[in-house]
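Here are the chains, one letter per residue:
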Amino acid sequence: MPLSICCTLARSVGRVVLAFLAVLAGAAETAPLPAKPNVILIYSDDHGYADLAAQKTDPDIRTPHLDALARDGVRFTKGYVSAPQCVPSRAGVITGRYQQRFGVEDNLKGPLPLAEVTIAERLKPAGYVSGQVGKWHLEPTPRSEEQAPAADAHAFLPGAQGFDEYWCGPMNTFMASHDLKGTPLAKPPQRLTDPRFRCVWQTEAALTFINRHAREPFFLYLAYYTPHVPLQSPEPWFSKTPAHLPLERRQALAMIAAMDEGIGQLRARLRELNIEKNTLIFFIGDNGAPLKDGAWNGSLNTPLTGEKGMLTDGGIRTPFVAAWPGVLPAGKIYTHPVINLDVAATAAALAGLPADPALDGVNVVPFVRGEKAGAPHDALFWRWRSQAAVRDARWKLIFLGPTQKFLFDLDSPEGETKNRLAENPGVAAELERRLRAWDATLPAPHLPRAAVAQDDFFFNAHVLKTAPAPVLGRGDPLARKAGKAAKAAKASGGTDLASASGWVGRSCTLVVQDGALRITPDGDTKRGRGFITHTGLNLAGPLRATVRLRTQSAGSLSLAWRTREQADFVSENTARAAVAASADWQTVAFDVPAKGNVIHVRLHPPGDGVVELATVELQPTAAGAAAQRWKF
């Protein structure tokens, strides 16, 4: 046979073999889907983009079990949530709809309307049993503008939204339908208490649910309250964090590690029950980490711009992973934008339910398996407080109040730090057209929206750089200044407050010396007056506050508080007392009319000068209740 014919045949055979191998590879990636798989949605809280070790953005984070989840599945590098705040983000993920459609636009607009269909309700006709564990935050809260009557509060718990079983609560007290062993409770919901670190009991409740429903299709919504404040130092995880880091960072790392270990236990249980290959797991952060002074929870959004409360990526782009061994490709990095709304659409499609045009999300499984080309979304949209935004594959347009607009090239090294509006008017005009068209489908108020001072401050600090960036401890010049002052004080007999009492300073230097806590403002008035804060309390209000202090500045001594039921500080939760300027020690006592268990306080000293504290005491007014007292 001529050599040319042999070569031609060899090439033909080679092409056939390569084509056959390609078919085999494609078949492995597009293997038939198991019918009605279990779906687990794990939602972390105020969890910044950096704090998943697989992102490779910060060397201090350790998340071995979440990293394993990413290796076994898909890591979405452009995974978004529908709001930069807890309540609307959760309303979006649990319904699969832009939450603006039903009025839950921010934390003040709860509860979730009972008419909205949750994932649990959607899957019930397909034979699914559903369970909820941890933070719900979709019931009426003390901050809700549409406050439901107290007698109806239970009507908004998960049991009223399609969940057959639930352990609903962020901290150590929670409303439940079953105990932690799975025994049904009489006349649920019942209030239960568990003293362990919150991630521990939340993991146990999830394991209990899985154990009892391993032989039927189930949906589990596991909402860990981590690393949201109040920060804690749970062991054995805290001792394993780097000692050189700021206290808040160490606490966040410890809390994330506790959650990570729980996820490892959950996956191990799925393997033991031989249902891992019939279970799709989503892991998503509910919004970015807060970074502003007095609010930092120790988490980081690096390298993204912004923080919780912003529609820049730092507020809405979070850790986002999905794993389904044998079905989703292992170790895949998916770079098209996706959003938390996709969970509901994906779960419904996998359950065999017909497509519902009311859902704003997309079934992402065919896209990550290569069965569908292109991106799941042509564009994603946001509307929150005084901000609105739209992004496509490359560009993001943000409205800030009624007058300011920002156009960012998300593929450029500058990202959301350089406004390209002037040089790309056509791109901005098309994105604005799409944003306004989407906004027109929503209830009022429509764009443009009134300015909000906090939003202006955020953009001044993170985008325009006209305000100081937040103090995060490490690498900040003011923090280094405070550290030097603390070292000098310790050398002369003082001690670092963080190791002495648990109080932490904001925009000030704290030193304990000669039996007093010395609070020195950092001198930057743009950051506001300094204050001290303490988390991890458990004091039943109302309280009586007594402070012994010395100050050369007259003014108001104020105590702000947050209860177990409140996710944030609110202005009405503040008590004040007048303080006179004096070189002598004086004792100031005042009432703190807190309702519920106080878990977090901020003490704002009077004036702008140095203040010394000898003692701080918080005494519950209930008979026989023990006081919390700090003597410096």
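You'll find the structure just up there.
Residue positions are given per chain, counting from 1 as you read along its sequence in written order. Only residues with pLDDT of at least 70 are given local features in this predicted model, and only at 80 or more are side-chain atom pairs given and counted; all residues enter the totals for whole chains, interfaces and linings. Hydrogens and water molecules were not included; the side-chain quantities draw on all heavy atoms of the structure.

**Focus on the overall build of the chain**
Note the following rule: A run of DSSP states H or I qualifies as a helix once it reaches four residues; a run of E qualifies as a strand once it reaches two. Both are numbered from the N-terminal end. A 1.4 Å probe rolled over the protein chains alone gives each residue an accessible area, and that area as a share of the maximum for its type sets the label: buried under 20%, exposed over 50%, partly exposed in between. Throughout, a residue-residue contact means that at least one pair of heavy atoms, one from each residue, lies within 4.5 Å. Note on areas: Shrake-Rupley, 1.4 Å probe, and residue coverage restricted to the protein chains presented here.
Within the chain, the regular secondary structure consists of twelve helices and 29 strands. Scored against the burial criterion, the 632 residues of the chain give a buried share of 57%. A sequence separation of at least 24 residues applies to 70% of the contacts in the chain between residues at least 6 apart. With the model as given, the accessible surface of the chain reaches about 24900 Å², and the carbon-plus-sulfur share is 56%.

**Details of helix α10 (residues 425-439)**
Let me state the cut-off plainly: A helix is expected to reach a length of 1.5 Å times the quantity of its residues less one. An arc is given here, and it is the one of the directions from the helix axis to the C-beta atoms.
Along its 15 residues, α10 runs 21 Å from first to last C-alpha, staying within 8% of the 21 Å computed at 1.5 Å per residue. Within the span of α10, buried status applies to Ala428, Leu431, Glu432, Leu435, Trp438 and Asp439. Looking down the long axis of α10, one finds its buried residues gathered within 125° of arc, a one-sided arrangement. On its buried side, α10 packs onto β13 (380-384), β14 (387-391), β15 (395-400) and β16 (404-409).

**Observations regarding empty space enclosed by the protein**
What counts is decided by this rule: Throughout, the protein atoms alone are placed on a 1 Å grid, and a set of points is a cavity if a 1.4 Å probe fits but cannot get out or a pocket if it is open with protein on both sides within 12 Å along at least five of seven lines; lining residues have an atom within 4 Å of a point. Grid points are joined across faces, edges and corners, and a volume is the space filled by probe spheres set on the points.
The final tally for this structure, using the stated rule, is two cavities of 30 Å³ or more. What the second largest cavity holds in volume is close to 30 Å³. Contributing elements (two or more residues each) for the lining of the second largest cavity: β9 (279-285) and α9 (365-368).

**A word on the nonpolar core**
Going by this rule: We call a set of buried Ala, Val, Leu, Ile, Met, Phe, Trp, Tyr and Cys residues a nonpolar core when their side-chain atoms join them within 4.5 Å.
Within the largest apolar cluster, 82 residues are counted, with the highest numbers of intra-cluster contacts made by Leu41, Ile94, Phe219, Tyr221 and Phe282. Non-local contacts of Phe282, meaning those with residues more than four positions away in its chain, are made with Ile40, Leu41, Ile42, Phe320, Val321, Ala322, Val343, Thr346 and Val364. Core analysis: the next-biggest nonpolar cluster, separate from the first, contains 49 residues, Ile42, Leu69, Ala176 and Phe238 among them.

**So, the sheet that holds β13**
Test applied: Here the rule is simple: two strands pair whenever DSSP picks up at least two bridges between them. Axes here refer to lines fitted to C-alpha atoms; in helices the fit is confined to the stretch in contact. Angles between the N-to-C directions go from 0 to 180 degrees.
If you walk across this open sheet you meet the four strands as β13-β14-β15-β16, and the pairing is antiparallel. Each edge of the sheet is formed by a strand with only one pairing partner; in this case those strands are β13 and β16. Recorded for the sheet is a direction-independent mean angle of 10° between the axes of neighbouring strands. With six bridges joining them, β15 and β16 adopt antiparallel strand pairing. In the strand pairing of β16, Trp395 is matched with Asp409.

**Considerations on the pairing of β13**
Where a strand is regular, its side chains alternate between the two sheet faces. The buried fraction of β13 is high, at five of five residues. Residues of β13 alternate between two faces, with Leu380, Trp382 and Trp384 on one and Phe381 and Arg383 on the opposite face, all of them buried. Taken together, the five bridges between β13 and β14 define a ladder with antiparallel strand orientation. Across the sheet, Trp382 pairs through a bridge with Ala389, a residue of β14. Taken together, β13 and the strand that follows it, β14, pair antiparallel across an intervening segment of two residues, in which Arg385 is found at a positive phi of about 50°.

**Section: the packing of helix α5 (residues 198-212) against helix α6 (residues 247-272)**
Quick reminder of the rule: Here roughly perpendicular refers to angles of 65 to 115 degrees, roughly parallel to angles under 35, roughly antiparallel to angles over 145, and oblique to all remaining angles. Throughout, a crossing is termed right-handed when the near helix is turned clockwise from the far one, and left-handed when it is turned anticlockwise from it by less than a right angle. Nonpolar residues are Ala, Val, Leu, Ile, Met, Phe, Trp, Tyr, Cys and Pro. Charged residues are Asp, Glu, Lys and Arg, and all others, Gly as well, are polar.
As a packed pair, α5 and α6 sit with axes 9 Å apart at the nearest point and diverge in direction by 15°. Classified by the angle their axes make, α5 and α6 are roughly parallel. The element α5 and its partner α6 pack so that their crossing is right-handed. Two secondary-structure elements touch here, α5 through Arg198, Cys199, Thr203, Ala206, Leu207, Ile210 and Asn211 and α6 through Met255, Ala258, Met259, Gly262, Gln265, Leu266, Arg269 and Leu270. Tallied by class, the residues present in the contact of α5 with α6 amount to nine nonpolar, four polar and two charged.

**Let's talk about the environment of Ala581**
Mapped onto the elements of the fold, Ala581 is located in the loop between β25 (574-579) and β26 (582-592). Sequence separation between Ala581 and Pro606 is 25 residues, and the spatial gap between their C-alpha atoms is 9.2 Å. Other than its neighbours up to four places away in sequence, Ala581 contacts Thr551, Gln552, Ser553 and Ala554.

**A look at the packing of aromatic side chains**
Heads up, the rule is: The aromatic pairing rule takes the rings of Phe, Tyr and Trp, using the six-membered ring of Trp, and pairs them if the centres are within 6.5 Å, calling planes under 30 degrees apart stacked, those over 60 edge-to-face and the rest tilted. A ring is considered to have a charge above it if a Lys NZ or an Arg CZ atom is located within 6 Å of its centre and within 35 degrees of its normal.
Overall, the coordinates contain 14 aromatic pairs when judged by the stated rule. Judged by centre distance (5.7 Å) and plane angle (85°), the ring pair of Trp136 and Phe163 falls under edge-to-face. A residue pair is termed long-range when its members are at least 10 positions apart, and Trp136 in the loop between β4 (129-134) and β5 (165-168) and Phe163 in the loop between β4 and β5 qualify at 27 residues. Side by side, Trp136 and Phe163 carry an identical accessibility label, which is buried. Geometrically, the ring pair formed by Phe406 and Phe408 is stacked, given 5.9 Å between the ring centres and 15° between the ring planes. For the pair Phe406 and Phe408, a shared accessibility class is recorded, and that class is buried. Among the aromatic residues, those joined into a ring-pair cluster are Tyr43, Trp136, Phe163, Phe219 and Tyr221. Over the ring of Tyr49 we find Arg317; its NZ or CZ atom is 5.0 Å from the centre of that ring. Sitting over the ring of Phe569, Arg602 keeps its end group 3.8 Å from the ring centre.

**A few points about the environment of Thr441**
The topology assignment puts Thr441 in the loop between α10 and α11 (453-462). For the pair Thr441 and Gln100, spaced 341 residues apart in sequence, the C-alpha to C-alpha distance is 9.7 Å.

**Regarding unusual backbone geometry**
For the peptide bond that leads from Gly110 to Pro111, omega is 5°, which places it in the cis range. For Pro111, the location among the structural elements is in the loop between α3 (86-95) and α4 (119-123). In this model, Leu447 is joined to Pro448 through a cis peptide bond whose omega is -10°. Along the polypeptide, Pro448 turns up in the loop between α10 and α11.

**Some points on the side chain of Thr63**
Among the structural elements, Thr63 can be located in the loop between β1 (38-44) and α2 (64-71). A residue is classified by how much of its surface remains accessible, and Thr63, at 1% relative accessible area, is buried.

**Side note on the pairing of strand β10 (residues 320-323)**
Here β10 shows two buried faces, one formed by Phe320 and Ala322 and the other by Val321 and Ala323. Of the pairings in the sheet, the one linking strand β2 (residues 74-76) to β10 comprises two bridges and is antiparallel in character. Note that in β10 the partner of Val74 across the bridge is Ala322.

**Some thoughts on the pattern of salt bridges**
Rule in force here: We define a salt bridge as a side-chain nitrogen of Lys or Arg found within 4 Å of a carboxyl oxygen belonging to Asp or Glu.
Applying the stated criterion across every chain, the model contains 36 salt bridges. The partner of Arg383 in a salt bridge is Glu105, and the shortest N-O contact between them spans 2.9 Å. Placement of the pair is Arg383 in strand β13 and Glu105 in the loop between α3 and α4, with a sequence separation of 278 residues. Judged by its relative accessible area of 1%, Arg383 is buried. The partner of Glu416 in a salt bridge is Lys396, and the shortest N-O contact between them spans 2.9 Å. Here Glu416 is found in the loop between β16 and α10, whereas its partner Lys396 is found in strand β15, with 20 residues between them in sequence. For Glu416, a relative accessible area of 3% gives the class buried.

**What to know about α6**
Taking 1.5 Å per residue, 26 residues should reach 38 Å; α6 reaches 38 Å between its end C-alpha atoms and fits that length. Asn274 sits one or two positions beyond α6 and adopts a positive phi of about 60°.

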